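Chain residues, written in single-letter form:
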Amino acid sequence: MPSALVEEKIGFYRPRVVERLRAAGDSLAARQDRGGHTRGNVAPWLGSGDSDFHGTLAAIWVWSRGQELLGDDRYSLHITSAWSFVDAAFGDFIPRSLGAHASDEAAYDCAMVLRAWMASDGHKVIDDESVRRERVASAARLLGAYVTDLENLNGREFKDPGFLAWTLGEYARATNDRGLGATARRFVETAFGMKSPPPFAGEMSVRDGLFDFSCTTATRVLAVIGAEGPIPFVGAWLRERVAPAVPPTFVSRPLDENCWNACAAATLGYAFSISTDQVFFDAYKVLMDELDERAESGAIGRMPGYPAETAATFYYSMATASILGKI
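Because the structure is a prediction, the values reported are computed rather than measured.

Within the chain, the regular secondary structure consists of 12 helices and 0 strands. Order of helices (α) and strands (β) in the chain, N terminus to C terminus: α-α-α-α-α-α-α-α-α-α-α-α. For 327 residues, the compact-globule formula gives about 20 Å, and the C-alpha radius of gyration of the chain, at 18 Å, lands near that figure. Of the contacts formed within the chain by residues at least 6 apart in sequence, a portion of 72% connects residues at least 24 apart. For the chain, the exposed surface amounts to about 14,000 Å²; the carbon and sulfur share of it is 51%.

Direction vectors running N to C along helix α8 (residues 216–228) and helix α10 (residues 257–275) enclose 35°, while the axes themselves pass 9 Å from each other. Like other packed secondary-structure pairs, α8 and α10 cross with a definite hand, here left-handed. Mapping the contact onto sequence places A218, T219, V221, L222 and I225 in α8 and C263, A264, T267, Y270 and I274 in α10. Along the lines of polarity and charge, the residues of the contact of α8 with α10 split into 8 nonpolar, 2 polar and no charged.

Attention now goes to the packing of aromatic side chains. Using the criterion set out here, one finds 20 aromatic pairs in the structure. For the ring pair F158 and F211, a centre distance of 5.4 Å and an interplane angle of 80° mean the geometry is edge-to-face. Of this pair, F158 sits in the loop between α5 (131–149) and α6 (161–175) while F211 is found in the loop between α7 (178–191) and α8, placing the two residues 53 residues apart along the sequence. The class of F158 is buried, set by a relative accessible area of 8%. For the ring pair F163 and Y315, a centre distance of 6.4 Å and an interplane angle of 45° mean the geometry is tilted. With F163 in helix α6 and Y315 in helix α12 (residues 310–322), this pair connects stretches of sequence that are 152 residues apart. Each member of the pair, F163 as well as Y315, carries the same accessibility label: buried. Taken together through their ring pairs, the aromatic side chains of W61, Y108, F158, F163, W166, F211, F213, F314 and Y315 make up a single cluster. Sitting over the face of the ring of W166, R115 holds its NZ or CZ atom 3.7 Å from the ring centroid.

A few words now on the pattern of salt bridges. What the rule picks out here adds up to 21 salt bridges. Measuring nitrogen to oxygen at the nearest pair gives 2.6 Å for the salt bridge that ties R20 to D292. One end of the pair, R20, is in helix α1 (residues 3–29); the other, D292, is in helix α11 (residues 278–294), with 272 residues separating them in the sequence. The partner of R302 in a salt bridge is E309, with the nearest N and O atoms 2.8 Å apart. As far as burial versus exposure is concerned, R302 and E309 are alike and both buried. A single salt-bridge network, built from bridges that share partners, covers R156, E203, D212 and R253.

Tracing the backbone shows K9 in helix α1. Residue classification places K9 among the partly exposed positions, given a relative accessible area of 22%. On a C-alpha basis, the gap between K9 and F281 in space is 8.5 Å, while along the polypeptide they are 272 residues apart.

An α-helix turns once per 3.6 residues; consequently, residues spaced three or four apart project the same way. Compared with the 18 Å implied by 1.5 Å per residue over 13 residues, the 18 Å span of α8 between its first and last C-alpha is a close match. Burial analysis of α8 places 12 of its 13 residues in the buried class, which makes it a mostly covered element. Turning to α8, its buried residues are T216, T217, A218, T219, R220, V221, L222, A223, V224, I225, G226 and A227. On its buried side, α8 packs onto α6, α7, α9 (232–242) and α10. Where α8 ends, the next residue or the one after it, G229, has phi of about 95°, a positive value.

Criteria and cut-off values
Residues numbered from 1 in each chain as written. Predicted model: local features only at pLDDT ≥ 70, side-chain atom pairs only at ≥ 80, totals over all residues. Heavy atoms only, no water. Helix = DSSP H or I, 4+ residues; strand = E, 2+ residues; numbered from the N terminus. Rg over C-alpha atoms; globule rule 2.2 N^0.38 Å. Contact = heavy atoms within 4.5 Å. Areas by Shrake-Rupley, 256 points an atom, 1.4 Å probe, with all protein chains shown as cover. Axes fitted to C-alpha atoms, helices over the stretch in contact; angles between N-to-C directions. Left-handed = near helix turned anticlockwise from the far one by under 90°. Nonpolar A, V, L, I, M, F, W, Y, C, P; charged D, E, K, R; others polar. Phe/Tyr/Trp six-rings, centres within 6.5 Å; stacked < 30°, edge-to-face > 60°. Buried < 20%, exposed > 50% of the residue type's maximum accessible area, 1.4 Å probe, protein only. Lys NZ or Arg CZ within 6 Å of the ring centre and 35° of its normal. Salt bridge = Lys/Arg side-chain N within 4 Å of Asp/Glu carboxyl O. Expected span 1.5 Å × (residues − 1).

Quick look at the structure:
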């Protein structure tokens, strides 16, 4: 597709992306604790009093991307307060190792530390010797060790290997960490390779669990991109082997339907920004049109009829920004 047409399509979405992220950011800011021992925490949904470590990190991502595209610092105080909560709670959620005694969510928590750090540009401060920077680096090392030892590649939701490997690869490239980059590439080559993924819509679903928010077919595609980078070779792979697998319609799911489709849409939008293939744009538009109908004031629940939640809003915001390559 000629580049002028690609820019025309992306340009059409740009103001919509900015408006959605502003609305999402405002929605999350309204739920942030402003005092007490959980100051800075972003509750998982309105009325909840729970401390939400990865949810607060997700909010940092939304605010940081929103500021970047809005061109101002309207969420800077919210971001600062959120990082203060994360710093204080770090030891409660990030263990010294991701072994048998770690929580089921610990590896995902590590990945979300990296995603928030990258979005808030902490990795660009070359001379930063802060405690926070070392904590982020420790989370990256834990994640690297985790994927190195990972044998079960069928994990879902918090244990989705694609999401973890994608994040590790992106962090390694952002920080020029060759060791972690090699770790991410080895894992992706062994676990996924460059073969064609199965159809997104045919992915297994969970009916008796608590969560099923991650489209693991989509995240394995992101993992390849994270390991290799958004280079022409990856663009060709997306066009030739991934495009035939994309969902032609919004996919019904028994659990976390909005989250799952938003995760898929995030991959489709990002794939279009790299490959410029119309197939990805068309599928992205189908999913986003439905998600936009279901969202309210920039936020969305995990399923139709559910209240707006931080996690679902994070995936929806990633989907929104992905068409601009901001994921």
